[in-house]
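What follows is each chain in one-letter form.
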Amino acid sequence: MNITRGFTGRPRVHNPGLPPGQYDAGDEWPVLSAEVTPDLAPADWALRIDGLVAQPRAWTWEQARALPASAYEGAIHCVTGWSKFGVRFGGVSLDTFWDAVRPHGSATHAVAYSHTGYTANLPLADLTGGRAWIAWEYDGRPLTPEHGGPVRLVVPHLYFWKSVKWIAGLRLLDHDEPGFWEGNGYHPRGNPWEEQRYSGDGDDGHD
Ligand SMILES: Nc1nc2c(c(=O)[nH]1)N[C@H]1C(S)=C(S)[C@@H](COP(=O)(O)O)O[C@H]1N2
Ligand SMILES: [Mo]
């Protein structure tokens, strides 16, 4: 064992679930919001999916809650450095919504947008295959407003800035269009395992 005198941080235990350059936030769940937390009641919430789809449509809270339940259990990774393990988000898989709207073959990317105006761009491939959720529960409880309640997007295999809080909709496009952070120098894809923090980091933005 290697002990460094004067080192006051938490013990460094090798954790294979920790992407490069990240630390384990433990029980902490920091709040990161670029905007003021909106006062959004479930009755005022709706999700709209449009753009390059066969059947654009919107879901109210009641309609979304009636869809088959799906949960994510695992880790989340914020680009500022913290990762959090053993989180549990409950909601509906985005695949269920794609089945309803039927994306065109030409759709390659999505812009996810918040009721506040915050946006994030994502390759459509990162939002399919059981890797993305529309979530309203955390640890079996309603998602709190500061963490995106009543409903947020959860895309845990990418940096958490992609997981838009107070999600209002997804628009499918045939090209990539930078969102809020991506337009401010962050990476278009944001894969934590490739350390794609800033534009130009890591590989070309594909798997
Ligand atoms: N609407 C909205 N969604 C957002 C953000 C934001 O500022 N506004 N911040 C992003 C960032 S950088 C992170 S790390 C996570 C933080 O979620 P949390 O506050 O629940 O930890 O939300 C993401 N989604
Ligand atoms: Mo973040």
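Residues numbered from 1 in each chain as written. Chains lettered and ligands numbered in written order. Predicted model: local features only at pLDDT ≥ 70, side-chain atom pairs only at ≥ 80, totals over all residues. Heavy atoms only, no water.

Let's talk about the packing of aromatic side chains
Turning to step 1, where the next piece is worked out: For the structure shown, the criterion picks out 13 aromatic pairs.
Turning to step 2, where the next piece is worked out: Residues Trp 59 and Phe 97 carry aromatic rings whose centres are separated by 4.8 Å and whose planes lie at 85° to one another, so their mutual orientation is edge-to-face. One end of the pair, Trp 59, is in strand β3 (residues 57–60); the other, Phe 97, is in helix α2 (residues 94–101), with 38 residues separating them in the sequence. Each member of the pair, Trp 59 as well as Phe 97, carries the same accessibility label: buried.
Turning to step 3, where the next piece is worked out: Residues Trp 181 and Tyr 186 carry aromatic rings whose centres are separated by 5.4 Å and whose planes lie at 70° to one another, so their mutual orientation is edge-to-face.
Turning to step 4, where the next piece is worked out: Under the relative-accessibility criterion, Trp 181 is labelled partly exposed at 30%.
Turning to step 5, where the next piece is worked out: Aromatic ring contacts, followed pair by pair, group Tyr 118, Tyr 159, Trp 161, Phe 180, Trp 181, Tyr 186 and Tyr 198 into a single cluster. (Phe/Tyr/Trp six-rings, centres within 6.5 Å; stacked < 30°, edge-to-face > 60°. Helix = DSSP H or I, 4+ residues; strand = E, 2+ residues; numbered from the N terminus. Buried < 20%, exposed > 50% of the residue type's maximum accessible area, 1.4 Å probe, protein only.)

Things to note about the site of ligand 1
Turning to step 1, where the next piece is worked out: Pro 30, Ala 34, His 147, Arg 152 and Lys 165 are the nearest of the 20 residues found near ligand 1.
Turning to step 2, where the next piece is worked out: Calculation on ligand 1 without its partners gives an accessible area of 530 Å², and the protein chains cover 98% of this total.
Turning to step 3, where the next piece is worked out: Tallied by class, residues from the shell around ligand 1 come to 12 nonpolar, 5 polar and 3 charged. (Near = heavy atom within 4 Å. Areas by Shrake-Rupley, 256 points an atom, 1.4 Å probe, with all protein chains shown as cover. Nonpolar A, V, L, I, M, F, W, Y, C, P; charged D, E, K, R; others polar.)

With respect to the UniProt feature "domain: Oxidoreductase molybdopterin-binding" (unreviewed entry) in the protein
Turning to step 1, where the next piece is worked out: The positions that UniProt labels "domain: Oxidoreductase molybdopterin-binding" (unreviewed entry) are, in the present scheme, residues 37–181.
Turning to step 2, where the next piece is worked out: As annotated, residues 37–181 comprises 9% helix and 41% strand, and the C-alpha atoms at either end are separated by 18 Å. (UniProt positions renumbered as here; feature names shortened; annotations may be inferred.)

Points about the nonpolar core
Turning to step 1, where the next piece is worked out: Among the nonpolar cores identified, the biggest contains 37 residues, and Leu 94, Trp 98, Leu 127, Ile 134, Leu 153 and Ile 167 are the most heavily contacted of them.
Turning to step 2, where the next piece is worked out: Put simply, the parts of the chain that give this core at least two residues each are β2 (46–51), α1 (61–65), α2, β6 (109–114), β7 (119–123), β8 (133–138) and β11 (167–173).
Turning to step 3, where the next piece is worked out: A per-element tally of this core places α2 first, with 4 residues.
Turning to step 4, where the next piece is worked out: Contacts of Ile 134, omitting those with residues within four sequence positions, involve Leu 47, Gly 91, Val 92, Leu 94, Phe 97, Val 151, Arg 152, Leu 153 and Ile 167.
Turning to step 5, where the next piece is worked out: Core analysis: the next-biggest nonpolar cluster, separate from the first, contains 14 residues, Cys 78, Ala 135, Leu 143 and Phe 160 among them. (Core = buried A, V, L, I, M, F, W, Y, C linked by side-chain atoms within 4.5 Å. Contact = heavy atoms within 4.5 Å.)

Re the sheet that holds β2
Turning to step 1, where the next piece is worked out: Here 5 strands make up an open sheet; going across it, the order is β3-β2-β11-β6-β7 and the pairing mixed. Single-partner strands in this sheet number two, and they are β3 and β7. Across the sheet, the mean angle from the axis of one strand to that of its neighbour is 15°, orientation sign disregarded.
Turning to step 2, where the next piece is worked out: Where β6 and β11 come together, 6 bridges link them in antiparallel fashion. Within the sheet, the bridge partner assigned to Val 111 lies in β11 and is Arg 171. (Pairing = 2+ DSSP bridges. Axes fitted to C-alpha atoms, helices over the stretch in contact; angles between N-to-C directions.)

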